[in-house]
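# Structural features, examined
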Amino acid sequence: MKKTVKVLTSMLLVASMSLSLTGCFFGKTKAVKEAAEEFMEAALEREFDDMADLCTDDDAAMMYFEPYGTDFEPVEALLSRATFKVNKVTVNKEKATAEIVVSFPDYEAAIDSEPEDMDEFEDLLDDQKKTIDMDISIEFKLKKDEWLVNDYDDFAEDFYGELYEIEFGFMSEYEGWVQRHNWYGSTNDVYSSTRSSLNLELYITSEHYYDTMNYYFKVFQGTNCIYTSDRYTDYGFLDNYCYLSTVGQDSWEPGNYTFTFYDSNNTEFYSATCSVE
């Protein structure tokens with residue numbers, strides 16, 4: 001009798017431990033899945049600050065995410081229409097992997113229809129019935145009871161890098177090259193009418209520091225084109241990685257002036273406006 005009680009007690013103890021371990025495993029799996037979903041939601045919105053907060057090294061992660069922060073309408077159109085699903089989570093002690101499928105409208109079919117501009121491209125995306133799926137694997141590491149993305153560098157290249165390499169056809173090859181601009185010598189983008197020149201600096205992204213651009217620009221006063229530059233083939237200045245475009249004259253009429261840049265196919269890829277008072 002005593003022996004039977006001991007056996008039953010042992011069996012119950014083993015069962016209890018098994019349930020405890022199983023519960024612990026499923027708890028970790030659920031936590032990793034939730035972390036993956038939170039990270040991917042931020043990734044589709046390109047909320048890099050939020051993404052970096054979910055990584056093991058937020059400063060290092062930002063260095064890999066920021067090059068993809070420039071405005072590039074075709075990629076934004078794809079991301080805004082994308083959905084994702086966490087298909088599988090594998091947990092091994094303090095490390096884990098989430099297998100994710102991201103689904104985009106069939107952009108290849110949309111591009112093959114040869115849209116003339118972004119509006120037509122977006123309409124074509126909305127008409128697609130099929131999708132193009134991208135398989136993404138994200139590695140997580142447990143840090144202070146929180147599952148954090150540990151391969152953020154690979155994610156940036158495998159996810160954003162692939163999207164930015166799509167040849168959209170109707171977009172300029174320089175689209176997305178310009179990270180920011182500066183109206184040199186202005187005060188909050190405003191010049192005096194007595195100034196002898198308007199000077200626009202274009203700062204390019206780090207991935208294109210040493211690439212060659214073949215471009216020209218026009219200057220518009222309101223809607224009237226008042227100047228067309230020669231065609232340039234140039235590198236960014238290596239001290240600050242920018243292109244400087246200058247137009248000079250003795251005086252300027254008050255109003256808005258827009259510099260618009262075109263590639264060798266006469267496709268616009270950047271525009272910026274200043275004011276003269």
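Scroll up to find the structure.
The structure contained in this document is the topic of the report that follows.

Moving residue by residue along a regular strand, the side chains alternate between the two faces of the sheet. With 7 of its 9 residues buried, strand β12 (residues 255–263) lies for the most part within the structure. Sheet topology places strand β8 (residues 213–221) next to β12; 7 bridges connect them, and they run antiparallel. Paired with Gln221 across the strands is Tyr257, a residue of β12. Alignment of β12 against strand β13 (residues 268–276), held across 8 bridges, turns out to be antiparallel. In the sheet register, Phe259 faces β13, and the bridge partner there is Ala272. The antiparallel hairpin formed by β12 and β13 contains 4 residues in its connecting segment, where Asn266 sits at a positive phi of about 65°.

Another point: the environment of Ser275. Here Ser275 shows up in strand β13. Excluding residues within four positions of it along the chain, Ser275 makes contact with Asp189, Val190, Tyr191, Gly255 and Asn256.

Turning to its location among the elements, Tyr203 is positioned in strand β7 (residues 197–204). Its relative accessible area of 13% is what places Tyr203 among the buried residues. Separated by 23 residues in sequence, Tyr203 and Arg180 have C-alpha atoms that sit 5.4 Å apart.

Definitions and cut-offs
- Residues numbered from 1 in each chain as written.
- Predicted model: local features only at pLDDT ≥ 70, side-chain atom pairs only at ≥ 80, totals over all residues.
- Heavy atoms only, no water.
- Buried < 20%, exposed > 50% of the residue type's maximum accessible area, 1.4 Å probe, protein only.
- Helix = DSSP H or I, 4+ residues; strand = E, 2+ residues; numbered from the N terminus.
- Pairing = 2+ DSSP bridges.
- Contact = heavy atoms within 4.5 Å.

This is a description of form; function is not addressed.
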